[in-house]
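Per-entry structural report
Given next are the chains, with one letter for each unit.
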Amino acid sequence: MTLAIRDLSFAYPRKPVLHGVDAGPLPRGALTALIGPNAAGKSTLFRCIAGLLPRYTGSIALDGAPLEALAPRARVKRVTFMPQFFAANAALSVFDVVLLARKSLSGWAVNQADINAVASVLDAFGIGHLSEADIGALSGGQQQMVSVCQALVREPDVFLFDEPTSALDLKHQLEIMTAIARETRRRNAVTLVALHDLNLAARFADHAVLLRDGKVIADDAPGHVLADAALAETYGVAIDLITHEGTGLHVSASLR
């Protein structure tokens, strides 16, 4: 029960981005951190996995079956992608926004199970009190938390979170990552999270993939990837990996 990416390449017009990416197999029930500098190809990789950029070469297989063989609607049911930027233009309540995400793939008739699922995921993220608030009136961080709830309420096999903590304060970063890790295990899902904060990757990830210039540089346990000399070379900084009792690995970086 895994997600495997093999020899994946993708190019925008006159702009190659991914070059023979190999990653996995990434197991169910485990959180994989996708790390790498800006413009490494992380968001493009997510969009390929989600089927939003179908003109790639190579293969992406879930539990041994190629995702390319699925019809677009079937693929969306199995893979949920949370993009880096959340647009909240509609005059809808938080509850309705999350409910729409759940019902977009299963017809529009709402039953009690749908209502319970939405209430449960909002409560799990500590924003149940915002259920009736206008989504457009929320802060950027609150909107980002709602976006994570939209992904989780769909209950797919694969979660793709692109920088889910970028607009959050420290407390909410920890809450979001704790909830994503917990839900990954509870649902036995394959979860990939793109992160710039290497300490969040060290603390919460079961696995790590380092991407640079559209190529996988390292694919291993976080302790191995973060200790690899290629990490410092990739980011162009000096890196020390420190182990703290109780909180695990800590990445200390400085300019060379």
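Placed above this text is the structure.
Residues numbered from 1 in each chain as written. Predicted model: local features only at pLDDT ≥ 70, side-chain atom pairs only at ≥ 80, totals over all residues. Heavy atoms only, no water.

1. So, the pattern of salt bridges
Note that side chains of opposite charge can pair when their charged atoms are close. Enumeration over the complete set of coordinates arrives at 11 salt bridges. With its nearest N and O atoms 2.7 Å apart, the salt bridge here joins Asp114 to Arg102. On the criterion of sequence distance, the pair formed by Asp114 in helix H4 (residues 112–124) and Arg102 in helix H3 (residues 94–103) is long-range, its members being 12 residues apart. On the basis of relative accessible area, Arg102 is assigned to the buried category, the value being 18%. With its nearest N and O atoms 2.9 Å apart, the salt bridge here joins Glu183 to Arg186. Of the two residues, Glu183 and Arg186 both sit in helix H6 (residues 170–187), three residues apart, roughly one turn of that helix. You can call Glu183 buried: its relative accessible area is 7%. Salt bridges here are not isolated pairs; linked through shared partners, they connect Arg28, Asp63, Arg78 and Asp157. (Salt bridge = Lys/Arg side-chain N within 4 Å of Asp/Glu carboxyl O. Helix = DSSP H or I, 4+ residues; strand = E, 2+ residues; numbered from the N terminus. Buried < 20%, exposed > 50% of the residue type's maximum accessible area, 1.4 Å probe, protein only.)

2. Considering the environment of Arg78
Position of Arg78 among the secondary structure elements: in helix H2 (residues 72–78). Taking the C-alpha atoms as reference points, Arg78 and Ile115, separated by 37 residues in sequence, lie 21 Å from one another. When residues no more than four places from it in sequence are discounted, the contact partners of Arg78 are Arg28, Leu62, Asp63, Leu70, Pro156, Asp157 and Val158. (Contact = heavy atoms within 4.5 Å.)

3. A short note on the sheet that holds strand S3 (residues 30–35)
Pairing in this open sheet of six strands is mixed, and the strands run S6-S7-S8-S3-S9-S10 from one edge to the other. Where the open sheet ends on each side, the last strands, each with one partner, are strand S6 (79–82) and strand S10 (215–220). The average angle at which neighbouring strand axes cross in this sheet is 15°, direction not considered. Bridging between S6 and strand S7 (residues 158–162) involves four bridges; their strand directions are parallel. Bridging from a neighbouring strand, Met82 pairs with Phe161 of S7. Contacts from helix H1 (residues 42–50) reach S3, S6, S7, strand S8 (190–194) and strand S9 (207–212), with the element oriented near 155° to S7. (Pairing = 2+ DSSP bridges. Axes fitted to C-alpha atoms, helices over the stretch in contact; angles between N-to-C directions.)

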